[in-house]
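Chain and residue survey
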Amino acid sequence: MADFQRVMDHAVAVARKAGEVVREALSDDRKVMTKSSAVDLVTQTDQKVEQLIIQSVKEKFPKHRFIGEESVAAGEACILTDDPTWIIDPIDGTTNFVHAFPFVAISIGFSINKQVEVGVIYSCLEDKMFTARRGKGAFCNGEPLQVSDQTDIHQAIICTEFGSNRDPEVVDKMFCSLRNILSLPVQGVRGAGTAAINMCLVASGCVEAYYEIGVHVWDFAAGSLMVTEAGGVLMDVDGGELDLMSRRIIAANSRTIAERLVKEIAPFRLPRDDAPPQKQ
Ligand SMILES: O=P(O)(O)O[C@H]1[C@H](O)[C@@H](O)[C@H](O)[C@@H](O)[C@@H]1O
Ligand SMILES: [Mg+2]
Ligand SMILES: [Mg+2]
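Residues numbered from 1 in each chain as written. Chains lettered and ligands numbered in written order. Predicted model: local features only at pLDDT ≥ 70, side-chain atom pairs only at ≥ 80, totals over all residues. Heavy atoms only, no water.

For the protein chain, the mean per-residue pLDDT works out to 96, and 99% of the residues sit at or above 70. Model confidence for the complex: the whole-complex pTM is 0.97, and ipTM, which rates the interface, is 0.97. (pLDDT = per-residue confidence, 0-100.)

Structure, rendered in structure tokens:
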């Protein structure tokens, strides 16, 4: 049985160290590369930070497994087992990082038996350390977090992101959902440019919900626990149970708001995170 406090303490320490690397890299020129599309960006800092985190964890927890965004991009399988697993997004908000747009996070989730037990998200340009352990609450810089108590969708702010998929039919579906939700009306639609920070905004009570189709398990593993430990709920965009590998999520302050969004979101499916690699 892993010592979850020891895991949390290490995740906080390495996230803070990674945040220093990210802040320093902001003053250098950032060599930008692309992955699944011309707007799916990655930098050497993403790769350097992921290796820093993984190497540090291997020294302390040699038997643990990893799902890292950039390791998967380099060809490693994205398979979640019952084993103790660190689910790492070294820079969530890479496009923001490239543009020095001030919302950039290191997101570290830890799961056992396919259940997230520890979540750490360091918003490193705001110097906000978000932490959660299952059953023990969610915190920002040590202060407890609580979701909003607003259940009227017409008085809500909703967060979403448009991802990096620019296929016309996907863009049409995303805009259909956005139009439906905006026209309810809701008081606002926002996007920090990072799933992890959007979920911290839900946990902090600043917005009522975040939804996205196209997001990956490393984007939201830590944030999923932040939201539930702050009193929120998680759901698939079709109202079913959240599936960590499905690339679809609603994270909301309440079932009322979540279920209202289900009625407005035009659902579609993308290849799962654990789908076998597509033959080139
Ligand atoms: O910045 P990364 O880690 O790539 O994650 C973001 C992803 O690139 C975007 O496509 C999503 O819309 C965001 O929610 C992710 O945070
Ligand atoms: Mg990400
Ligand atoms: Mg990333």
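Turning our eyes to something else, we now look at the sheet that holds strand β12 (residues 209–213). The 5 strands lie next to each other as β11-β10-β12-β14-β13, forming an open sheet whose pairing is mixed. At either end of the open sheet lies a strand with only one pairing partner, and these are β11 (188–190) and β13 (233–235). Recorded for the sheet is a direction-independent mean angle of 20° between the axes of neighbouring strands. Two elements, strand β10 (residues 157–160) and β12, share 3 bridges in a ladder whose sense is parallel. (Pairing = 2+ DSSP bridges. Helix = DSSP H or I, 4+ residues; strand = E, 2+ residues; numbered from the N terminus. Axes fitted to C-alpha atoms, helices over the stretch in contact; angles between N-to-C directions.)

Ranked by size, the top nonpolar core spans 39 residues in total, and within it Ile67, Ile121, Leu145, Tyr210, Val217 and Met226 carry the most contacts. Only β6 (115–123), β7 (128–133), β8 (138–140), α6 (195–203), α7 (217–229) and β14 (248–252) provide two or more residues apiece to this core. For this core, the leading source of residues is α7, giving 8 residues. When residues of this core are sorted by domain, at least three fall in each of domain 1 (4–144) and domain 2 (153–264). Setting aside chain neighbours within four positions, we find Ile121 in contact with Ala105, Ile106, Ser107, Lys128, Met129, Phe130, Ala196, Cys200, Ala222, Gly223 and Met226. Among the nonpolar cores identified, the runner-up in size contains 31 residues, and Ala11, Trp86, Tyr122 and Met129 belong to it. (Core = buried A, V, L, I, M, F, W, Y, C linked by side-chain atoms within 4.5 Å. Buried < 20%, exposed > 50% of the residue type's maximum accessible area, 1.4 Å probe, protein only. Domains from an automatic or database assignment. Contact = heavy atoms within 4.5 Å.)

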